[in-house]
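# Summary of structural features
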Amino acid sequence: MATSMRGLTQFIADIRGARVRELEEKRINKEMANIRKRFKDGNLDGYQKKKYVAKVIFTYILGYKVDIGHMEAVNLISSSKYSEKQIGYLAVTLLMHENSDFLRLVVNSIRKDLNDNNEIHNCLALHAIANVGSQEMAEALAEDVHRLLISPTSENFVRKKAALTLLRLYRKHPDVIPAQEWALRIVSIMDDPDLGVVLCVTSLILALAQDFPDAFAICYQKAVDRLNRLVVEHEYSATYSYYKVPIPWLQVKLLRLLENYPPSDDPTLQVMLQEVLQTIMNNCNEPSRNVQHNNAQHAVLFEAINLAIHVDANSPLVNTAAVLLARFISSKETNVRYLGLDTMAHLAARTDNLEAIKKHQGTIILSLRDKDISVRRRALDLLYSMCDVDNSELVVGELLRYLKVADYGLREEMVLKIAILTEKYASTYKWYVDTILELLSAAGDHVGEEVWYRVVQIVTNTEDLQAYAAKVVFEYLKSPSSHESLVKVGGYILGEYGHLIANEPGYSPIEQFQVLHAKSQFCMAPTRALLLSTYIKWVNVFPEIKPQLVNVFERYRHVLDVDLQQRACEFFALAQRPEEDELLQNVCEEIPPFPPRESALLNRLNKKHADSEDKRPWAHGSNGTLERQPSKLMRKGTLIDTNGHASGSNGEVSQDIASSLAGLDLTSSPVAMQSPSSFSDPSANLVAKGIPRLTAGPNVDRWFDRLLYTPEGVLYEDVQIQIGVKSRYQGPVGQVAVYVGNKMSAQLTSFTTALHTEESEALSASFIKIAPSTLAPRTQIQQIVQVECKKVFRKPPILVVSFLAGAHQAIAVRLPIVITKFMDGVKLGGPDFFERWKLIGGPPREAQSIFPISLDATGHIDLAKQRQVVSGYGFQILEGIDPNPSNIVGAGIVHTTAEGKVGCLLRLEPNRDAKLSRITIRSTSEEVAAEAQKLLQKPLAADAPGPAEKRTL
């Protein structure tokens, strides 16, 4: 009769008390038999299932194979009790692999727990998804995990786990996560008040942004803003202060996130980021005695230095960083030395001025002999990066000396780097040949095929080098032991160029043959085959040693190796032909120069780094260059993810008004009727660039069209927010005040404003400061946009306002910034106007169209509206120029910083009877004439809205 089941605690005590493994196995087998019987009998309550499954889990943890308890674990997950559910989830994550059929049975239970209001159940489900992470589970539950992450009702610790679960799923099954679709909603969580949530979400964004940089581009602005609040403004709770360093883990991730994007063009962000980096470096000037404080501070500092190098390798900040790094590479702490050398290698690879690093060359060379191999490897990287023409002989010489005692794990990489540096910075042919042959002699088995291939290419392509190379390689081959790579090089060079030195004492043909053939017996078959090719070349150029060479071919005709035997037979037949035979001479002609090609050494080195290094936005290269890995981060278009573009300086405008304007011809004939549209909808293009689709609506277009010729008004309005603008311009620059008001009784969180300028080379637009991340109820904020017209442009910038109000919302509207906003009216008399009009002439510097107009209520032409539109677009209305009082004549100058002043003349001729109007614009710029004509026609046409009403912002 079976003994009664013992409790889990007693079972563990029995196992621990077993003196030998046999007793342990006997106890476990007995227990497993009892558990199997109980499971088979059924009728177990939740407590019993939990107890038995726990014993199965413990047995599995001990390393024993278990094949029971899977179905009971699935049943426990469905339990409402936490203790039972916990054991069930633990068993599922431990006992089942990701392809187990049992997992299909738990997907619905996990989804139920994800949607449960109990946050403990949420966390258990998230743990199971992250630990198992099967493809099927990811496809079924990714949406539910994302919903937990973005839900405003989720607890903070649940949202943290949800972010990390999504990160785990993305790393295992990237195709399952619709990263681009979720991008804006996930990025908005970076404004969360809980820094723990921000830390976890930043980890997720860091992984996603590397693959989808455009979709997550707005995170650049949020990262800079959060760093500024942490480092400069000290906005964090004491809970997140680690030894007086504000949440260093988040700082490191934010800094690393910024390294994945090109430096921002926004001057506001540039200043903020500069201040953040400067503050971080200033905080590290005085080392603390507290080790934990130093560790946290150094972690942030090294990432800040990497970012400073990424932004501008020649900035004053980087000079400050070089001074700090010099202190770190001499530190007594191994980790600090390692990080100092690694960061200095990054700096050396990017900066144009190596003088600050060369001052510490001796310390760096000493680091090659550090007791820690990781430090030695970083010192090697740094010496490679800091090498240039001035110190190449010293650095290469030191690396050659160290090569003889270096770790075997370092030697292959050292050989590659020495070969690359020798080729790149060779001052003389003699030094190159001496160094590369010494490398082949010293490195032995660590010389890859690429190294001696490259030597052969260079010697073949450099005629002045060939004789000297033949002499030096001959001397190396005379040593008692020569590595096979050196024999290969010697065989090739002597076979091609041995005749150049054959007449000098000590280098006779027979001596060359004796030295080279003596090495063949120690070589592999491929090397012997190469030597046979050398011998047939000598048959042609050294007839005096032909008998010895033919004798070698005769012996090799009977070897077992097929390749050697075939070569020997063919070469023997060639050697038997008469000396004047052209076939032998043609076969043995000198190898022609190799075509120019990229060095295979660099490819091999980059491949080694790719295989062994962590994924970073940069990799160590040689001085002055940065060997970057392939990515999606190239700036495409001009996404001003960070509040716009930098404003350029105000250019001096020297062109005179008189030369910009030209005469008037009132007899020009009309052209065919046109129906131009001022702006085509760019929504399709915007979506591809990560910008939300333009917000549509009849009022949106009407408000925008009115603001093109009025200085202020409403740009957008709905039940939640109102956006208004007020603008002023002077010459080629201007300021646009954007007012955003929250009309609701609840605050808007994760509030972000961004600008997108498609024609960045012609127009720059940027916010003066970053908008606050929260907009209180019934309040309004003002954002100032600095604009500058560099050249003629056609597409206005797009303002994107995004916020959280229950769900994430984004509003994208065009800002009323067009080329005519930079126009100033000019007063001209009749004779001057006529003269300038005639000088400009007709097309292509004339734009003309005929369009229908509507009459006012009395059946007359609405002259007041027409004059308002013309003057609103910047033209000075000239009185008394046209004898017809209904016609309007105007003049103005468009200001640009790059192209100077552009004159513009206008004539508007409305016809009451025909209900048509003809507009003619002549300008010294074809583009300005066409653009101004399109802009003015739209509000004047019959279907245009009435005069702009006043709206209260």
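Worth saying up front: this structure is predicted, and the values here are computed from it rather than measured.

With that settled, the discussion passes to the pattern of salt bridges. Taken as a whole and assessed by the stated rule, the structure comprises 43 salt bridges. Two residues, Asp-342 and Arg-378, come together in a salt bridge whose shortest N-O distance is 3.6 Å. With a gap of 36 residues between them, Asp-342 in helix α17 (residues 334–350) and Arg-378 in helix α20 (residues 373–386) connect regions that are remote in the sequence. The same class applies to Asp-342 and to Arg-378, which are both buried. Of the charged contacts, one joins Glu-475 and Lys-478 as a salt bridge, the two residues approaching to 3.7 Å between their closest N and O atoms. For Glu-475, a relative accessible area of 37% corresponds to the partly exposed category. Look at the salt bridges and you will find they share partners, linking Asp-342, Arg-377, Arg-378, Asp-381, Glu-413 and Lys-417 into a network.

Moving on: the sheet that holds strand β5 (residues 721–730). One open sheet holds the 5 strands; their spatial order is β4-β5-β6-β9-β8, and the pairing between them is antiparallel. For this open sheet the edge positions go to β4 (712–717) and β8 (763–767), each flanked by a neighbour on one side alone. Each adjacent strand pair in this sheet contributes to an overall mean axis angle of 25 degrees, direction not counted. Sheet analysis places strand β6 (residues 733–742) next to strand β9 (residues 780–789), joined by 9 bridges and oriented antiparallel.

Counting 213 residues, the largest nonpolar core has Ile-110, Leu-149, Ile-205 and Phe-216 as the members making the most contacts within it. Counting residues per element, this core draws most heavily on helix α11 (residues 195–211), at 12 residues. Not counting residues within four places of it along the chain, the set of residues in contact with Ile-110 comprises Tyr-89, Ala-125, Ala-128, Ile-129, Met-137 and Leu-141. Residues Tyr-709, Val-801, Val-869 and Ile-877 belong to the second largest nonpolar core, which totals 62 residues.

The next point concerns the side chain of Thr-534. Here Thr-534 is to be found in helix α28 (residues 525–541). Residue class for Thr-534 comes out buried when judged on its relative accessible area of 3%. A polar contact of 2.7 Å, which involves the side chain of Thr-534, links it to the backbone oxygen of Gly-491. Sequence-distant contacts of Thr-534, defined by excluding residues within four places in its chain, comprise Gly-491, Tyr-492, Gly-495 and Leu-516.

A contiguous nonpolar patch, built from Met-71, Phe-102 and Leu-105 and spanning about 250 Å² of accessible area, is present on the exposed surface. For Met-71, the location among the structural elements is in helix α4 (residues 70–77). The exposure class assigned to Met-71 is partly exposed, which follows from its relative accessible area of 37%.

Viewed as axis vectors pointing N to C, helix α14 (residues 267–283) and helix α16 (residues 316–328) meet at an angle of 20 degrees, and their least axial separation amounts to 11 Å. One element, α14, and the other, α16, form an angle in the roughly parallel class. Judged by the sense of rotation from one axis to the other, the crossing of α14 with α16 is left-handed. Here Gln-274, Leu-277, Gln-278 and Met-281 of α14 come into contact with α16, specifically with Leu-317, Thr-320, Ala-321 and Leu-324. Split by residue class, the contact of α14 with α16 holds 5 nonpolar, 3 polar and no charged.

Now for unusual backbone geometry. For the bond running from Pro-843 to Pro-844, omega is 5 degrees, close enough to zero to count as cis. Its place among the elements puts Pro-844 in the loop between α36 (830–840) and β13 (846–852). Even without glycine at this site, Tyr-243 takes up a positive phi of about 50 degrees. With a phi close to 25 degrees, Ile-247 is a non-glycine residue in the positive phi region.

Turning next to the environment of Met-386. The topology assignment puts Met-386 in helix α20. Residues Met-386 and Thr-351 lie 35 residues apart in sequence; the distance between their C-alpha atoms is 9.5 Å. Sequence-distant contacts of Met-386, defined by excluding residues within four places in its chain, comprise Ala-348, Leu-354, Ile-357, Lys-358, Gln-361, Ile-364 and Asn-391.

Note that Glu-84 resides in helix α5 (residues 82–95). Excluding residues that lie within four positions of it along the chain, Glu-84 makes contacts with Gly-46, Tyr-47, Lys-50, Leu-76 and Ser-79.

Now for the pairing of β8. Among the 5 residues in β8, 5 count as buried, and that is most of the element. With 5 bridges joining them, β8 and β9 adopt antiparallel strand pairing. Note that in β9 the partner of Ser-764 across the bridge is Glu-788.

Our next topic: α14. The α-helix winds at 3.6 residues per turn, so residues separated by three or four positions along the chain end up facing the same way. Taking 1.5 Å of rise per residue, 17 residues should cover 24 Å, and α14 covers 24 Å from first to last C-alpha, within 8% of that figure. Every buried residue belonging to α14 is among Thr-268, Leu-269, Met-272, Leu-273, Val-276, Leu-277, Ile-280 and Met-281, and all of these are buried. Contacts made by the buried residues of α14 are with α12 (219–232), α13 (248–258), α15 (291–311), α16 and β8.

This part is about the packing of aromatic side chains. Geometry of an aromatic ring pair is reported as the spacing of the ring centres plus the angle between the planes. Scanning all chains against the criterion turns up 15 aromatic pairs. Geometrically, the ring pair formed by Tyr-220 and Tyr-261 is edge-to-face, given 6.2 Å between the ring centres and 85 degrees between the ring planes. On the criterion of sequence distance, the pair formed by Tyr-220 in helix α12 and Tyr-261 in the loop between α13 and α14 is long-range, its members being 41 residues apart. Taking relative accessible area as the criterion, Tyr-261 reaches 6% and is therefore assigned buried. Over the aromatic face of Phe-572 sits the side chain of Arg-557, whose NZ or CZ is 4.4 Å from the ring centroid.

Strand β16 (residues 900–911) sits mainly inside the fold: 11 of its 12 residues count as buried. Across 9 bridges, strand β15 (residues 888–896) lies against β16 in antiparallel orientation. Within β16, the position partnered with Ala-891 by the bridge is Leu-905. In this antiparallel pair of consecutive strands, β15 and β16, the connection spans 3 residues. Hairpin remark: β16 followed by strand β17 (residues 916–923), antiparallel, with 4 residues in the connecting loop; positive phi at Lys-915, about 55 degrees.

Direction vectors running N to C along α11 and α13 enclose 25 degrees, while the axes themselves pass 10 Å from each other. Put simply, α11 runs roughly parallel to α13. Here α11 and α13 pass one another in a crossing that is left-handed. For the pair formed by α11 and α13, the contact residues are Leu-195, Val-198, Leu-199, Thr-202, Ser-203, Ile-205, Leu-206 and Ala-209 on the first element and Trp-249, Leu-250, Lys-253, Leu-254, Arg-256 and Leu-257 on the second. For the contact of α11 with α13, the class distribution of residues is 10 nonpolar, 2 polar and 2 charged.

Here we take up the environment of Leu-403. Here Leu-403 lies in helix α21 (residues 392–403). You can call Leu-403 buried: its relative accessible area is 2%. Between the C-alpha atom of Leu-403 and that of Val-415, which follows or precedes it by 12 residues, the distance is 8.0 Å. Once residues lying within four places of it in the same chain are set aside, the contact partners of Leu-403 are Arg-411, Met-414, Val-415, Ile-418, Leu-439 and Ala-443.

Bringing helix α2 (residues 21–41) into the picture now. The first and last C-alpha atoms of α2 sit 30 Å apart over 21 residues, in line with the 30 Å expected at 1.5 Å per residue. Every buried residue of α2 is listed here: Glu-24, Arg-27, Ile-28, Glu-31, Met-32, Asn-34, Ile-35 and Phe-39. In an axial view of α2, the angular spread of the buried residues amounts to 165 degrees, which keeps them on one side of the axis. Facing away from the buried surface of α2 by more than 90 degrees, the exposed residues are Glu-22, Lys-26, Asn-29 and Lys-40. Lining the buried residues of α2 we find α1 (8–17), α3 (46–61) and α4. Looking one or two residues beyond α2, the residue adopting positive phi is Gly-42, at roughly 80 degrees.

Criteria and cut-off values
Residues numbered from 1 in each chain as written. Predicted model: local features only at pLDDT ≥ 70, side-chain atom pairs only at ≥ 80, totals over all residues. Heavy atoms only, no water. Salt bridge = Lys/Arg side-chain N within 4 Å of Asp/Glu carboxyl O. Helix = DSSP H or I, 4+ residues; strand = E, 2+ residues; numbered from the N terminus. Buried < 20%, exposed > 50% of the residue type's maximum accessible area, 1.4 Å probe, protein only. Pairing = 2+ DSSP bridges. Axes fitted to C-alpha atoms, helices over the stretch in contact; angles between N-to-C directions. Core = buried A, V, L, I, M, F, W, Y, C linked by side-chain atoms within 4.5 Å. Contact = heavy atoms within 4.5 Å. Polar contact = N/O pair within 3.5 Å; in protein donor to acceptor, adjacent residues only side chain to side chain. Patch = residues over 30% accessible without salt bridge, like charges linked within 9 Å, V, L, I, M, F, W, Y side chains within 5 Å. Areas by Shrake-Rupley, 256 points an atom, 1.4 Å probe, with all protein chains shown as cover. Parallel < 35°, antiparallel > 145°, perpendicular 65-115°, else oblique. Left-handed = near helix turned anticlockwise from the far one by under 90°. Nonpolar A, V, L, I, M, F, W, Y, C, P; charged D, E, K, R; others polar. Expected span 1.5 Å × (residues − 1). Phe/Tyr/Trp six-rings, centres within 6.5 Å; stacked < 30°, edge-to-face > 60°. Lys NZ or Arg CZ within 6 Å of the ring centre and 35° of its normal. Arc of directions from axis to C-beta.

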